[in-house]
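# Residue-level structural notes
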Amino acid sequence: MGGCFSKPKPVELKIEVVLPEKERSKEELSASGKGSPRAYQGNGTARHFHTEERLPAPHPYPGPQDCVEAAVCHVKDLENGQMREVELGWGKVLLVKDNGEFHALGHKCPHYGAPLVKGVLSRGRVRCPWHGACFNINTGDLEDFPGLDSLHKFQVKIEKEKVYVRASKQALQLQRRTKVMAKCISPSAGHSGSTNVLIVGAGAAGLVCAETLRQEGFSDRIVLCTLDRHLPYDRPKLSKSLDAQPEQLALRPKEFFRAYGIEVLTEAQVVTVDVRNKKVVFKDGFKLEYNKLLLAPGSSPKTLSCKGKEVENVFTIRTPEDANRVVRLARGRNAIVVGAGFLGMEVAAYLTEKAHSVSVVELEETPFRRFLGERVGRALMKMFENNGVKFYMQTEVLELRAQEGKLKEVVLKSSKVIRADVCVVGIGAVPATGFLRQSGIGLDSRGFIPVNKMMQTNVPGVFAAGDVVTFPLAWRNNRKVNIPHWQMAHAQGRVAAQNMLAQEAEISTVPYLWTAMFGKSLRYTGYGEGFDDVIIQGDLEELKFVAFYTKGDEVIAVASMNYDPIVSKVAEVLGSGRAIRKREVELFMLHSKTGDMSWLTGKGS
């Protein structure tokens, strides 16, 4: 049991250098990409190893003391298409049976630790039940986002009708694998006024672009610049966990950027882009030439334009400092949130535990109305009211009143006056593309950058990704859309990198997003703009439901609470190119009282 297989394939092996214990425990505080094993190039040269290769190990395989091997089940215990978590003593493994073959992989999604056994197995990959990341069952590689790391793949053998799995103890404990990456071998890196790739914006799109280039063997200079004072961090978490510190939010530790030669310029604002001479100018006068450029600057939050807008203690939430300050000021005081979209509602939910009172002001009749519809919006509003949040709907802020310069009261157009010590504004955002107006890079009337499926702008060698782009959405007849969500930014950053390397990749991911409030998660997939009907299965009052958003005869989006893995199932069906018809959903609801969703994957997916 404890021994390793007698004839392992050396190519399966990989040297890993693990961070010192104290570094690792600090990183594991964050749920987003921590404690990763370091792919290490044994001989110190910069030769790149493609992802399917492994680094040549000093020994053909790890010693028996580094491995654990066990019989985990009988071959007949799993049907085709089934998954099971199995215990190896040093940790669990996800065992998958697909087309008669067994595969063993890490059992937790590296993004936030979701149990993959509860996910969806389809088309040779497993999709996370929480946020939709996809992993190839043959390699463990991450194929769709969010998250940065892949799964370990373990060896399987069948002997006397029993299934054996062999794994390194370290891989079992780490539960994530950072793909092998090239290092920068450009001699001038860090000292010259030119870079091969310049990435403006260090959110998900920018970071994934840089990592993808290194994973694909690119070893020239990469410069990532950001307005932020921090290395890339998990921005969606800001409004869900306002107390989080920058180091808990970091997507990669400082050493990671150093190891792979990804230079990050913080607090660096680009003021002009000269596409003819392939040069950008920063606010401090610094000039940098580039060969390829990715524009992923994200968006700027809209602010209030009412009387008194300059009073103190009125915030938009863009940085960890903003979020931390709001919590500090709201403790035991009166907080008001303007805007009942995702950001506003997440902030309101978080503050209920901390503030004396929380009020929400919104122009629509119900929260999330345009996105989730009237009925779902009302059910969520009720959950908030049950947690003590007071709503002022169909009105807006007329005036902010101060006492000694600090916010004291908020006056609404309905002439209601609310006591308030801190105000968070979540009324949407605009693309941060002002610096491109004279550049010749195409912008639409709203300031978005139109790109094609390869993330290319109208200027050769200039790509754009993330919140600032409109792009053709493949499964909605290439309709040009803007989808300012975390998962989509990852996917676009990857496609941009692949096309910088002339790989002719196209964006094809199905949008997937989530929100979390009062310990409950809502998941959503598709693109629901323009829905004309909502079909609800389950119980809205109990917040255990799935909502199908339809337009004409087609399901264009699905949202759910406490109904996993339905949203991941739908994402897989839509991703496979199959349309889900409204009448299928209606028929299913007529005949099914059980909430069984097998009909979804039973046909043609």
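Our structure's up above, just so we're on the same page.
Report follows, based on the coordinates. Given the structure is predicted, the values throughout are model-derived calculations rather than measurements. (Residues numbered from 1 in each chain as written. Predicted model: local features only at pLDDT ≥ 70, side-chain atom pairs only at ≥ 80, totals over all residues. Heavy atoms only, no water.)

### Thoughts on the overall build of the protein
As a reminder of what qualifies: Counting from the N terminus, the helices are DSSP H or I runs at least four residues long and the strands are E runs at least two residues long. Note on classification: 1.4 Å probe, protein chains only; a residue is buried when its accessible area is under 20% of the maximum for its type, exposed when over 50%, partly exposed between these limits. A contact between two residues is defined here by any heavy atoms of the two lying within 4.5 Å. Working definition of accessibility: Shrake-Rupley area with a 1.4 Å probe, residue cover restricted to the visible protein chains.
Looking only at helices and strands, the protein features 13 helices and 37 strands. Out of the 605 residues belonging to the protein, those deemed buried represent 56%. Summarising the internal contacts of the protein: among those between residues at least 6 apart in sequence, 63% fall at separations of at least 24. Entry remark: accessible area of the protein is about 25,900 Å², with carbon and sulfur atoms responsible for 47%.

### Thoughts on unusual backbone geometry
A cis amide bond links Phe-145 to the next residue, Pro-146, at an omega of 15 degrees. Along the polypeptide, Pro-146 turns up in the loop between strand 10 (142-144) and strand 11 (153-159). That bond from Asp-564 to Pro-565 is cis: its omega, 0 degrees, falls within 30 degrees of zero. With respect to the helices and strands, Pro-565 occurs in the loop between strand 37 (554-561) and helix 11 (566-575). One non-glycine residue, Glu-161, lies in positive phi territory at about 65 degrees. The backbone phi angle of Leu-543 is positive, close to 55 degrees, even though this residue is not glycine. For Leu-543, the location among the structural elements is in the loop between strand 35 (533-539) and strand 36 (544-551).

### Quick notes on the sheet that holds strand 3 (residues 67-74)
Defined as follows: A pair of strands is considered paired only if DSSP assigns at least 2 bridges between the two. Helix axes use the C-alpha atoms of the stretch in contact, all axes being lines fitted to C-alpha atoms, and the angles between their N-to-C directions lie in the range 0 to 180 degrees.
Strand order in this open sheet of six strands is 3-12-11-6-5-4, and the pairing throughout is antiparallel. Since the sheet does not close on itself, it has two edges, and those belong to strand 3 and strand 4 (82-87), each with one partner. Direction aside, the axes of adjacent strands within the sheet are offset by 30 degrees on average. Relative to strand 12 (residues 162-168), strand 3 is paired through seven bridges, and the arrangement is antiparallel. Note on strand 12: the bridge partner recorded for Cys-67 is Ser-168.

### Concerning the nonpolar core
Here is the rule: Here, nonpolar core refers to any group of buried Ala, Val, Leu, Ile, Met, Phe, Trp, Tyr and Cys residues whose side-chain atoms link them within 4.5 Å.
By size, the foremost hydrophobic cluster in this structure holds 98 residues, and its most contacted members are Leu-198, Val-273, Leu-294, Leu-295 and Phe-471. Once residues within four sequence positions are removed from consideration, Val-273 is found in contact with Lys-279, Val-280, Tyr-290, Leu-293, Phe-435, Leu-436, Ser-439 and Ile-441. Core analysis: the next-biggest nonpolar cluster, separate from the first, contains 51 residues, Phe-368, Leu-372, Leu-522 and Leu-543 among them.

### Details of the pattern of salt bridges
As a reminder of what qualifies: In what follows, salt bridge is the name for a side-chain nitrogen of Lys or Arg lying within 4 Å of a carboxyl oxygen of Asp or Glu.
Per the stated rule, a full pass over the model turns up 33 salt bridges. Taking the shortest distance from any N to any O, the salt bridge between Glu-211 and Arg-252 comes out at 2.8 Å. Here the residue Glu-211 occupies a position in helix 3 (residues 204-215), and Arg-252 occupies one in the loop between helix 5 (246-249) and helix 6 (254-259), the gap between them amounting to 41 residues. Among the residues examined, Glu-211 registers a relative accessible area of 2% and is labelled buried. Where Glu-346 meets Lys-240, a salt bridge forms, and the shortest distance between an N and an O atom there is 3.3 Å.

### Regarding the packing of helix 3 against helix 10 (residues 486-500)
In plain terms, the rule: In these notes the angle categories are as follows: under 35 degrees is roughly parallel, over 145 is roughly antiparallel, 65 to 115 is roughly perpendicular, and the rest is oblique. Crossing handedness is read from the near helix: turned anticlockwise from the far helix by less than a right angle, it gives a left-handed crossing, and turned clockwise, a right-handed one. Residues were grouped as follows: Ala, Val, Leu, Ile, Met, Phe, Trp, Tyr, Cys and Pro as nonpolar; Asp, Glu, Lys and Arg as charged; and all remaining residues, including Gly, as polar.
Their axes nearest at 7 Å, the elements helix 3 and helix 10 cross at an angle of 40 degrees. Here helix 10 runs oblique to helix 3, going by the angle between their axes. Note that helix 3 runs across helix 10; the crossing there is right-handed. For the pair helix 3 and helix 10, the contacting residues are Ala-204, Ala-205, Val-208, Cys-209, Thr-212, Leu-213 and Gln-215 in the first and Trp-486, Ala-489, His-490, Gly-493, Arg-494, Ala-497, Gln-498 and Met-500 in the second. Of the residues assigned to the contact of helix 3 with helix 10, the class counts are nine nonpolar, five polar and one charged.

### Focus on the sheet that holds strand 10
Taking strand neighbours across the sheet as the criterion, the four strands line up as 7-8-9-10 in an open arrangement whose pairing is antiparallel. Two strands bound the open sheet, and with one partner strand each, they are strand 7 (120-122) and strand 10. The mean inter-strand angle of the sheet, taken between neighbouring strand axes irrespective of direction, is 30 degrees.

### Concerning the side chain of Asn-324
Rules: Identification of polar contacts relies on pairs of N or O atoms within 3.5 Å, with a donor-acceptor requirement for protein atoms, meaning one able to donate a hydrogen and the other able to accept it, and with residues adjacent in sequence counted only if both atoms are side-chain atoms.
The topology assignment puts Asn-324 in helix 7 (residues 320-330). Polar contacts involving the side chain of Asn-324 include one to the main-chain carbonyl oxygen of Leu-242, which spans 2.8 Å. Among the polar contacts listed, one links the side chain of Asn-324 to the backbone oxygen of Ala-244, at a separation of 3.1 Å. Contacts of Asn-324, omitting those with residues within four sequence positions, involve Leu-242, Asp-243, Ala-244 and Gln-245.

### Things to note about the environment of Arg-325
With respect to the element layout, Arg-325 can be found in helix 7. Residues Arg-325 and Leu-242, spaced 83 residues apart in sequence, show a C-alpha to C-alpha distance of 8.7 Å.

### Brief notes about the pairing of strand 27 (residues 422-425)
Side-chain alternation along strand 27 places Val-422 and Val-424 on one buried face and Cys-423 and Val-425 on a second face that is also buried. Pairing of strand 20 (residues 314-315) with strand 27 involves two bridges; the strand directions are parallel. Looking across to strand 27, one finds that Phe-315 is bridged to Val-424. Direction of pairing for strand 21 (residues 334-338) relative to strand 27: parallel, over a ladder of four bridges. Residue pairing for strand 27: Val-337 is matched across the bridge by Val-424.

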